[in-house]
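# Overview (structure and organization)
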Amino acid sequence: MSVLVNKDSKIIVQGFTGSEGTFHAEQMIEYGTNVVGGVTPGKGGQEHLGKPVFNTVEQAVQEVGADTTIIFVPPAFAADAIMEAASAGIKVIITITEGIPVGDMVKVYDYIKDFDCTLVGPNCPGVITPEEAKVGIMPGFVFKKGNVGIVSKSGTLTYEAADQVVRQGLGITTAIGIGGDPIIGTTTREAVELLINDPETECVVMIGEIGGQLEADAAHWYKNSGSKKPIVGFIAGETAPAGRTMGHAGAIVGGSDDTAQAKKRIMKECGIHVVDSPAEIGSKVKQVMA
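Residues numbered from 1 in each chain as written. Predicted model: local features only at pLDDT ≥ 70, side-chain atom pairs only at ≥ 80, totals over all residues. Heavy atoms only, no water.

Formally: UniProt positions are given in the numbering used here, feature names are shortened, and annotations may be inferred rather than shown by experiment.
The chain goes by Succinate--CoA ligase [ADP-forming] subunit alpha in an unreviewed UniProt entry, where it is assigned to Flagellimonas allohymeniacidonis. UniProt lists a comment for the chain under the heading Sequence similarities (unreviewed entry), and it reads "Belongs to the succinate/malate CoA ligase alpha subunit family." The UniProt entry for the chain carries this comment under Pathway (unreviewed entry): "Carbohydrate metabolism; tricarboxylic acid cycle; succinate from succinyl-CoA (ligase route): step 1/1."

Rendered as structure tokens:
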């Protein structure tokens, strides 16, 4: 099993012919991902990287049965790209674009509620189900198939966690990079829930950071779920000065519960195995799965 993406996903790339879209689509295809085409308005009917280009997402859905999209559209137009994908019937919308205005994401958040779709991101590395589908910008060679799910706000820490898990002789079911913006689609809790409910996932790594309530919400959900699957948690930003945005737009401490210390305390109280350094993730996963 896997969550969100697998070998059967029919994936299109919005912003297909741009430099970012081209580079990462090429990597995805090389990995073996089932990319069925792409969308660049005004370039419909052409071929790019051996795949058809469409003017609209709706055409891609009708002509090649696309059900998943990855968005590399520039920030000013990315919100429209997300809403277009949702209204065209795309089920999984993975948005890599960084710097989408918060006001635009408020509109997107409200708009997509009416559609049966899952938004991951924006400002995220994407989603990978090893050896099946890489729908994102992560280095595919780091990920090997296995029984550990990963949920992370940070791209680089997603790769670090995967590398450590693999070095322990284990592997990954699906890794979900949810992004670090203030307004995102899939939350930590929702991503954790997907993995806890996946029969093949035996352990979840949850990587959070200062700012917001997402990790606390996930921890409380986990405690109330009664699940016996272990979660290993890490919170980045322990040494960040209060009140300053650190890297991600959402990583800013607004109150006493937003700090790394408070989040770690809540997670421990809810039964999560918390590590103090990302260097401990792999060994802790091996320990709790023993």
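### Considering the domain arrangement of the chain
Here is the rule: For the domain bounds, the source is a domain assignment made automatically or taken from a database. The quantity reported as buried area is the accessible area (1.4 Å probe) lost by two parts once they are put together, taken as the sum for both. The working definition used for a salt bridge is a side-chain nitrogen of Lys or Arg within 4 Å of a carboxyl oxygen of Asp or Glu. Throughout this description, a polar contact denotes any pair of N or O atoms lying within 3.5 Å of each other; where both atoms belong to protein, one of them has to be capable of donating a hydrogen while the other can accept it, and for residues adjacent in sequence the pair is counted only when both atoms sit in side chains. By definition, any uninterrupted DSSP run of H or I lasting at least four residues is a helix, any uninterrupted run of E lasting at least two residues is a strand, and each is numbered from the N terminus. Polarity classes work like this: nonpolar for Ala, Val, Leu, Ile, Met, Phe, Trp, Tyr, Cys and Pro, charged for Asp, Glu, Lys and Arg, and polar for all others, with Gly in that last group.
What the domain assignment reports for the chain is domain 1 (11-120) and domain 2 (138-289). For domain 1 versus domain 2, the separation of C-alpha centres amounts to 26 Å. When domain 1 packs against domain 2, close to 750 Å² is buried across both sides, 65% of that on carbon and sulfur atoms. Here domain 1 and domain 2 share zero salt bridges between them. In this assembly, domain 1 and domain 2 are joined by one residue pair in polar contact (both at pLDDT 80 or more). No other element matches helix H4 (residues 102-112), which puts four residues into the side of domain 1 that touches domain 2. Taken together, the residues of the side of domain 1 that touches domain 2 break down into seven nonpolar, one polar and no charged.

### Description of the nonpolar core
What counts is decided by this rule: For this analysis, a nonpolar core means a set of buried residues of the types Ala, Val, Leu, Ile, Met, Phe, Trp, Tyr and Cys, connected via side-chain atoms within 4.5 Å. Per-residue accessibility, obtained with a 1.4 Å probe over protein chains only, is compared with the maximum for each type, and a residue is labelled buried under 20%, exposed over 50%, and partly exposed between these values. Any pair of residues with heavy atoms lying within 4.5 Å of one another is described as a contacting pair.
Residues Ile 70 and Ile 94 are the most contacted members of the largest nonpolar core, which totals 45 residues. In terms of residues, this core owes the most to one element, helix H7 (residues 214-225), which gives five residues. Residue-level mapping places this core at the junction of two domains, with at least three residues from each of domain 1 (11-120) and domain 2 (138-289). Residue contacts for Ile 94: discarding those within four places in its chain leaves Val 5, Thr 69, Ile 70, Ile 71, Val 120, Cys 124, Gly 126, Val 127 and Val 135. Residues Val 57, Ala 79, Cys 117 and Leu 119 belong to the second largest nonpolar core, which totals 25 residues.

### Notes on the sheet that holds strand E4 (residues 51-54)
This is how it is decided: Here a strand pair is declared whenever DSSP counts at least two bridges between the two strands. Every angle, taken between N-to-C directions, lies between 0 and 180 degrees, and every axis is a line fitted to C-alpha atoms, over only the stretch in contact when it is a helix.
Strand order across the open sheet formed by seven strands is E3-E4-E2-E1-E5-E6-E7, with mixed pairing between neighbours. The sheet is open, and its two borders are formed by strand E3 (47-48) and strand E7 (118-120), each paired with just one other strand. Relative to E4, E3 runs antiparallel, the two sharing two bridges. In the sheet register, His 48 faces E4, and the bridge partner there is Lys 51. Strand contacts of helix H3 (residues 75-87): strand E1 (11-14), strand E5 (68-71), strand E6 (92-95) and E7, with the helix running at about 170 degrees to E6, the strand carrying the most contacts.

### Topic: the environment of Ala 81
Secondary-structure assignment places Ala 81 in helix H3. Separated by 25 residues in sequence, Ala 81 and Thr 56 have C-alpha atoms that sit 9.5 Å apart.

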